[in-house]
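Listed below are the residues making up each chain.
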Amino acid sequence: MTKIIHTEKAPAAIGPYVQAVDLGNLVLTSGQIPVNPATGEVPSNIVAQARQSLENVKAIVEQAGLTVADIVKTTVFVKDLNDFAVVNAEYERFFKENHHPNFPARSCVEVARLPKDVGLEIEAIAVRK
């Protein structure tokens, strides 16, 4: 049975979708843009945007009863692949700070445009062991 995951600690969906679905053994998040759920603001700096998107993913995964260490796959959508190195460094810091045992599998692709003209969006898949 599919369960819908929702938390106030991540931004509300801005369209006809949910923050995540829990399939029992898998939790699949929707893409998280770097909106601060408390203020509705988006950081201007791409590094801060990466951190906020990752914190939003973390909040959703934790709402499902899992941790960052349970994330097995992410997809990172960036508006400018020239930002890859700084986004990658923040991504690495985040997963190390949250005690991920290895790092999740990941895809990173450049896209033409993202909602609210943000610099990146991140989605994740976590597994319940």
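You'll find the structure just up there.
Residues numbered from 1 in each chain as written. Predicted model: local features only at pLDDT ≥ 70, side-chain atom pairs only at ≥ 80, totals over all residues. Heavy atoms only, no water.

This part takes up the pairing of strand E6 (residues 120-127). Summarising the sheet, strand E3 (residues 26-29) and E6 pair through three bridges and their orientation is antiparallel. Directly across from Leu26, in E6, lies its bridge partner Val127. Bridge analysis of strand E4 (residues 71-78) against E6 gives seven bridges, and the strand direction is antiparallel. Bridge assignment links Ile71 to a residue of E6, and that residue is Ala126. (Pairing = 2+ DSSP bridges. Helix = DSSP H or I, 4+ residues; strand = E, 2+ residues; numbered from the N terminus.)

So, on to unusual backbone geometry. For His99, which is not glycine, the phi dihedral falls at a positive 55 degrees. Structurally, the position occupied by His99 is in the loop between helix H2 (84-97) and strand E5 (105-110). The exposure class assigned to His99 is exposed, which follows from its relative accessible area of 64%. Unusually for a residue other than glycine, Lys116 sits at a positive phi of about 60 degrees. On the secondary structure map, Lys116 appears in the loop between E5 and E6. (Buried < 20%, exposed > 50% of the residue type's maximum accessible area, 1.4 Å probe, protein only.)

In this structure the tally under the stated criterion is eight salt bridges. One salt bridge connects Asp70 with Lys129, and the closest N-O pair in it is separated by 3.0 Å. Placement of Asp70 in the loop between helix H1 (46-63) and E4 and of Lys129 in the segment after E6 is noted, with a sequence separation of 59 residues between them. Under the relative-accessibility criterion, Asp70 is labelled buried at 14%. Here Arg113 makes a salt bridge to Asp117, at a shortest N to O gap of 2.7 Å. On the accessibility criterion, Arg113 (61% relative accessible area) is exposed. With a relative accessible area of 41%, Asp117 lands in the partly exposed category. (Salt bridge = Lys/Arg side-chain N within 4 Å of Asp/Glu carboxyl O.)

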